[in-house]
Amino acid sequence: MSQEIWSDVLTYVRNNISEVEYHTWFAPVKTLGVREGSLVIGVRNSFAQEWFRKHYLGLLEDALRSLGAENPQVSFEVLPAVQEAMIMPEASSSPAVATPTPPPQPRPKPVPAPELSKVLNPKYTFENFVVGPNNNLAHAAALAVAESPGKAYNPLFIYGDVGLGKTHLMHAVGHYLAEKYPEKRIAYVSTETFTNELINSIRDDRTTQFRDRYRSVDLLLVDDIQFLARKERTQEEFFHTFNALYENHKQIILSSDRPPKDIQTLEGRLRSRFEWGLITDIQSPEFETRVAILKMNAEQANINIPQEVLELIARQVNTNIRELEGALMRVVAFSSLNNVPFSRTVASKALSNVFAPQEVQVEMPEVVRAAAQLFEVTTEQIKGTGRARDIVVPRQIAMYLIREMTEHSLPEIGQFFGRDHSTVMHAVNKVTEGIKRDEELAAQVSRLRRHLEGLHEAEAGNA
Ligand SMILES: Nc1ncnc2c1ncn2[C@@H]1O[C@H](COP(=O)(O)OP(=O)(O)OP(=O)(O)O)[C@@H](O)[C@H]1O
């Protein structure tokens, strides 16, 4: 994770000095990690070490402060000669591959087309994709397509808001296919790149090569297809690419932030083609899915973070998964820069500048846990089917409090308990009526409510 801290530090630095200065001094250095709360930066020689101490120490400390370090510490070490060789700027990578902020590099002209099969992000595999109710249909469709490309659903059209995993799923199909059939040609391209390449090919009189490249692939993945809107020439070209691939039973997967019918100024013939196969969406993940994603990310980075800290992060970021991952990195950076163990307090502090604490929400599993604790039963019993009174009462109270304290609908609550919405409605009515007559029940409900509110007040207070 120190690479992520370093990447954030570089972004901060880059925004605060000139490009030339950045290129001269920061492009050749690398981080050696965080040791006892101090960010260690490897520089080429003792001259650079002195220069950094004199000119950039304050800036680097400010960068760490912006990441939440309370007492930022930076040290510089001269790299051994052999390591120096490894910090040469990397070859320019495809836009699809997530890398830490790359150092600026002179751009050759014309820009060469990326090697089509090398643009998949290695992290975006099916194994790394957490399946939840928000994305299970899109996941199943992607898997079906990966298993029977060109046969199951063609094209597969995945839409949803930003940062919810559309690109991840597309790349996962690419990886699956690349592994199973290494000879297959796979192309991943954003609509923007497709457009730019088309323009360049027209300019350089290379349209034939452009066409050949895209029309000869076995799997074409196109991201952000909504950007085809209002680009008549690109639509025309894409139409022919689509037809060529489709007729040859080659798989096409498209992603967009909206369904085809809502893409304005998209030619009718393209829209209808996009609707030929399967259109599936990805919604924002529920709390449990968010926690599972955080858990997987932490495990992959070999970081042991307590469940309650993951839950706190998952509560604060409830839509975009990219932001969710960013929040996790912020907490990790904060704890390692301040040399403190992970805790709810630390996480609240780390996130306080970025996410407003009043946005925290009570989540369904929390309510069930609190009810189980108060009534001395297990969460499994509450979510189970037992009809004994000492289980039914806590279950109904949990349903009532979820309805009262969260935004979840009756069917959503029902689904969480494995029941239908009428059971939830019955429970809510029963408890609503019950607390009017039964003082003990009223006291229990109010105690639970205070407990749940208290949990979140503590978080807001810590922040
Ligand atoms: N279900 C999931 N399990 C694990 N990680 C996920 C999941 N969904 C999304 N992510 C992660 O969230 C981040 C954003 O996902 P991705 O780039 O695929 O989103 P997107 O929908 O394509 O966004 P955009 O519209 O901005 O292109 C990635 O790091 C991805 O690995």
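Look up: the structure comes first, before these words.
Right, let's walk through the structure included here. In this text the structure is predicted, and so the values were computed from the model without any measurement. (Residues numbered from 1 in each chain as written. Predicted model: local features only at pLDDT ≥ 70, side-chain atom pairs only at ≥ 80, totals over all residues. Heavy atoms only, no water.)

Attention shifts here to the overall build of the chain. If you tally the helices and strands in the chain, you get 21 helices and eight strands. Classification of the 463 residues of the chain by burial places 48% in the buried group. When contacts within the chain are restricted to residue pairs at least 6 apart in sequence, long-range pairs at least 24 apart make up 73% of them. (Helix = DSSP H or I, 4+ residues; strand = E, 2+ residues; numbered from the N terminus. Buried < 20%, exposed > 50% of the residue type's maximum accessible area, 1.4 Å probe, protein only. Contact = heavy atoms within 4.5 Å.)

Enumeration according to the criterion identifies 19 aromatic pairs in this entry. Put simply, the rings of F157, F194, F210, Y214, F238, F242, Y246, F274 and W276 touch in pairs and so form one group of aromatic residues. Over the aromatic face of Y181 sits the side chain of K184, whose NZ or CZ is 5.1 Å from the ring centroid. Its end group placed over the ring of F416, K383 keeps NZ or CZ at 3.8 Å from the ring centre. (Phe/Tyr/Trp six-rings, centres within 6.5 Å; stacked < 30°, edge-to-face > 60°. Lys NZ or Arg CZ within 6 Å of the ring centre and 35° of its normal.)

This paragraph deals with the sheet that holds strand β2 (residues 38-43). Pairing within the open sheet is mixed, and its three strands lie in the order β1-β2-β3. Each having just a single partner strand, β1 (30-35) and β3 (73-78) make up the two edges of the open sheet. Ignoring which end each strand starts from, the neighbouring axes of this sheet average 25° apart. Here six bridges tie β2 to β3, and the two strands are oriented parallel to one another. For V43, the partnering residue across the bridge sits in β3 and is V78. Together, β1 and β2 form the strand contacts of helix α1 (residues 2-16), whose direction differs from that of β1 by roughly 120°. (Pairing = 2+ DSSP bridges. Axes fitted to C-alpha atoms, helices over the stretch in contact; angles between N-to-C directions.)

Our next topic: the pairing of β2. Counted residue by residue, β2 has six buried out of six residues, so it is predominantly covered. Alternating residues of β2 divide into S38, V40 and G42 and L39, I41 and V43, and every residue in both groups is buried. Where β1 meets β2, five bridges bridge the pair, whose relative direction is antiparallel. Bridging across to β2, G33 finds its partner in V40. Here β1 hands over to β2 after two residues, with E36 in that stretch at a positive phi of 45°.

With that out of the way, let us pick up the packing of α1 against helix α2 (residues 19-26). Relative placement of two packed helices is described by the angle separating their axes and the distance separating the axes. Contact pair α1 / α2: the axes reach a minimum separation of 8 Å and the direction vectors enclose 140°. As summarised for this structure, α1 and α2 are arranged oblique, according to the angle between their axes. Seen from above, α1 lies across α2 with right-handed handedness. Contacts between α1 and α2 pair L10, V13 and R14 from the former with E19, Y22 and F26 from the latter. Of the residues that constitute the contact of α1 with α2, the class distribution is four nonpolar, no polar and two charged. (Parallel < 35°, antiparallel > 145°, perpendicular 65-115°, else oblique. Left-handed = near helix turned anticlockwise from the far one by under 90°. Nonpolar A, V, L, I, M, F, W, Y, C, P; charged D, E, K, R; others polar.)

Taken together, 19 residues surround the ligand, and among them V130, K166, T167, H168 and E325 come closest. Contacts to the ligand include V130, whose backbone N or O atom sits 2.8 Å from a nitrogen atom. Between the ligand and R322 there is a distance of 2.9 Å, counted from an oxygen atom to a side-chain nitrogen or oxygen. When isolated, the ligand has an accessible area of 630 Å², and the protein chains bury 93% of it. Mapping the shell around the ligand onto the domain boundaries places at least three of its residues in each of domain 2 (120-281) and domain 3 (287-351). (Near = heavy atom within 4 Å. Polar contact = N/O pair within 3.5 Å; in protein donor to acceptor, adjacent residues only side chain to side chain. Areas by Shrake-Rupley, 256 points an atom, 1.4 Å probe, with all protein chains shown as cover. Domains from an automatic or database assignment.)

With that out of the way, let us pick up unusual backbone geometry. Put simply, N154 and P155 share a cis peptide bond, and its omega is -5°. Within the fold, P155 resides in the loop between α6 (136-147) and β4 (156-160). Of note in the backbone geometry, R230 takes a positive phi value of approximately 65° without being a glycine. You can see R230 is positioned in the loop between β6 (219-223) and α10 (232-247).

With that out of the way, let us pick up empty space enclosed by the protein. Across all of its chains, the model carries one cavity of 30 Å³ or more by this definition. Estimated volume of the largest cavity: approximately 40 Å³. The wall of the largest cavity is formed by E286, F287, E288, E363, M364, P365 and H408. For the lining of the largest cavity, the secondary structure elements donating two or more residues are α12 (287-300) and α16 (364-375). (1 Å grid on protein atoms, 1.4 Å probe; cavity = no way out; pocket = protein on both sides within 12 Å on 5 of 7 lines; lining within 4 Å. Points joined across faces, edges and corners; volume = space filled by probe spheres on them.)

Turning next to the pattern of salt bridges. Scanning all chains against the criterion turns up 21 salt bridges. For D218, the salt bridge goes to K250, with nearest N and O atoms at 3.1 Å. Of this pair, D218 sits in the loop between α9 (207-215) and β6 while K250 sits in the loop between α10 and β7 (251-256), and the two are 32 residues apart along the sequence. Judged by its relative accessible area of 16%, D218 is buried. Given a relative accessible area of 25%, K250 falls into the partly exposed group. With a closest N to O distance of 3.6 Å, D262 and K261 form a salt bridge. Overall, the relative accessible area of 57% leaves K261 in the exposed class. When salt bridges with common partners are traced through the structure, they connect R211, R215, R233 and E237 into a single cluster. (Salt bridge = Lys/Arg side-chain N within 4 Å of Asp/Glu carboxyl O.)

Roughly 490 Å³ of volume is contained in the second largest pocket. In terms of lining, the second largest pocket is formed by 18 residues, of which the most central are E286, F287, M364, H408 and E412. Mapped onto the lining of the second largest pocket, the elements with two or more residues apiece are α12 and α19 (410-417). Residue contributions to the lining of the second largest pocket peak at four residues, all from α12.

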